[in-house]
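Breakdown of the fold
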Amino acid sequence: MKNGELIGEMIAWEEGSPKRINHFLKVYGLAKAIASREQLSSTTMNIVETAAILHDIGIKPCLEKYSSCQGPQQEEEGEKACRALMERCGYTDKEFVDRICWLVAHHHSYDNVQDIDLQILIEADFLVNLDEKQADEAAIEQVRDDHFKTATGKKFLQQLLLSKK
Ligand SMILES: [Fe+2]
């Protein structure tokens, strides 16, 4: 399935929640831009883009099941929902599906990040979350220093969140 069609599937999944729809679209756009500028292979770019579209798929089932959304439950529900949706949408490459599900389950695991796909997903999600939460300058700088590694991610953080006019 093309990423544009997958976006349509995720909009259908999140129907009635414009906040969550806009959230994943923003994360997708930023993740794609960071991945392009960091010169990833086309395979890794596709992994980053697909994972960004699906990264918060666990929130809805988590809220329905537990009426709250704690980290471990979101990871478990995210992995399950991701695999089911990808199967339904005809993704057959097991290695690809496993990687996307792993990224969806680990996008809040900030310690010891080794892989560029996870790193970019984390950075894109932070860029959007810090803005949506209207984090203050000190908090933004803290997240930058603790969690940002790519030159593009740091540049976007500066341009998007710290260059107030
Ligand atoms: Fe997110």
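Refer to the structure printed above.
To keep things clear, this report deals only with the structure shown in the data block. (Residues numbered from 1 in each chain as written. Predicted model: local features only at pLDDT ≥ 70, side-chain atom pairs only at ≥ 80, totals over all residues. Heavy atoms only, no water.)

1. Some points on the environment of Ala81
Locating Ala81 in the fold gives a position in helix H5 (residues 71–88). Relative accessible area serves as the criterion here: at 9%, Ala81 is assigned to the buried category. Remark: the alpha-carbon pair of Ala81 and Leu54, spanning 27 residues in sequence, is separated by 9.3 Å. In contact with Ala81, other than residues within four places in its own chain, are Trp13, Ile57 and Pro61. (Helix = DSSP H or I, 4+ residues; strand = E, 2+ residues; numbered from the N terminus. Buried < 20%, exposed > 50% of the residue type's maximum accessible area, 1.4 Å probe, protein only. Contact = heavy atoms within 4.5 Å.)

2. A look at helix H3 (residues 42–54)
With 13 residues, H3 extends 18 Å from end C-alpha to end C-alpha; this agrees with the ideal 18 Å at 1.5 Å per step. The set of residues buried in H3 consists of Met45, Ile47, Val48, Glu49, Thr50, Ala51, Ala52, Ile53 and Leu54. Tucked inside the fold, the buried residues of H3 contact helix H1 (3–13), helix H2 (18–37), H5, helix H6 (94–106) and helix H7 (116–132). (Expected span 1.5 Å × (residues − 1).)

3. Notes on the packing of H1 against H2
Look at H1 against H2: their axes get within 10 Å of each other, and the N-to-C directions meet at 155°. Between H1 and H2, the crossing angle belongs to the class labelled roughly antiparallel. Between H1 and H2 the crossing geometry is right-handed. Two secondary-structure elements touch here, H1 through Asn3, Ile7, Met10 and Ile11 and H2 through Ile21, Phe24, Leu25 and Tyr28. For the contact of H1 with H2, a count of residues per class yields seven nonpolar, one polar and no charged. (Axes fitted to C-alpha atoms, helices over the stretch in contact; angles between N-to-C directions. Parallel < 35°, antiparallel > 145°, perpendicular 65-115°, else oblique. Left-handed = near helix turned anticlockwise from the far one by under 90°. Nonpolar A, V, L, I, M, F, W, Y, C, P; charged D, E, K, R; others polar.)

4. Concerning the nonpolar core
One finds Leu54, Ile57, Cys82, Met86, Ile100, Leu127 and Leu157 to be the most contacted residues of the largest nonpolar core, which totals 49 residues. Residue contributions to this core peak at nine residues, all from H7. Look past the residues within four positions of Ile57 in its chain and what remains in contact with it is Met10, Trp13, Gly78, Ala81, Cys82, Leu85 and Val104. (Core = buried A, V, L, I, M, F, W, Y, C linked by side-chain atoms within 4.5 Å.)

5. Let's talk about the coordination of the iron ion
Looking at the iron ion, one finds its protein donor set to be His23 (NE2), His55 (NE2), Asp56 (OD) and Asp125 (OD), positioned 2.1 to 2.3 Å from the metal centre. Viewed at the metal, the four donor atoms of the iron ion are separated by angles of 84 to 176°, and the geometry they form is irregular. In the primary structure, the donors to the iron ion are separated according to the pattern H-x31-H-D-x68-D. Taken as a pair, His23 in helix H2 and His55 in the loop between H3 and helix H4 (59–66) lie far apart in primary sequence, 32 residues in all. Residue classification places His23 among the buried residues on the basis of a relative accessible area of 7%. (Donors = N, O, S within 2.8 Å, 3.2 Å for Na, K, Ca; no water. Tetrahedral: all angles 85-135°; square planar, octahedral: opposite > 155°, others 65-115°.)

6. Examining the side chain of His55
Accessibility expressed as a relative area gives 1% for His55, which makes it buried. At 2.7 Å, the side chain of His55 and the backbone oxygen of Ala52 are in polar contact. If near-sequence neighbours (up to four positions away) are discounted, His55 is found in contact with His23, Phe24, Val27, Val104, His107, Leu121 and Asp125. (Polar contact = N/O pair within 3.5 Å; in protein donor to acceptor, adjacent residues only side chain to side chain.)

7. Considerations on H6
Counted at 1.5 Å a residue, the expected span for H6 with its 13 residues is 18 Å, and the 18 Å between its end C-alpha atoms agrees. Buried positions along H6 lie against H3, H5 and H7. Between the side-chain oxygen at the start of H6 and the backbone nitrogen of Glu95 there is a gap of 3.2 Å, and the oxygen is on Asp93.

8. Some words on the pattern of salt bridges
The full count for this structure, using the stated rule, is twelve salt bridges. With a closest N to O distance of 2.7 Å, Lys94 and Asp98 form a salt bridge. Remark: Asp98 and Lys94 occur in helix H6; sequence separation between them is four residues, near one turn of the helix. Here Asp115 and Arg99 are joined by a salt bridge, their closest N and O atoms 2.9 Å apart. Of this pair, Asp115 sits in the loop between H6 and H7 while Arg99 sits in helix H6, and the two are 16 residues apart along the sequence. The class of Arg99 is partly exposed, set by a relative accessible area of 22%. Look at the salt bridges and you will find they share partners, linking Glu79, Arg83, Lys94 and Asp98 into a network. (Salt bridge = Lys/Arg side-chain N within 4 Å of Asp/Glu carboxyl O.)

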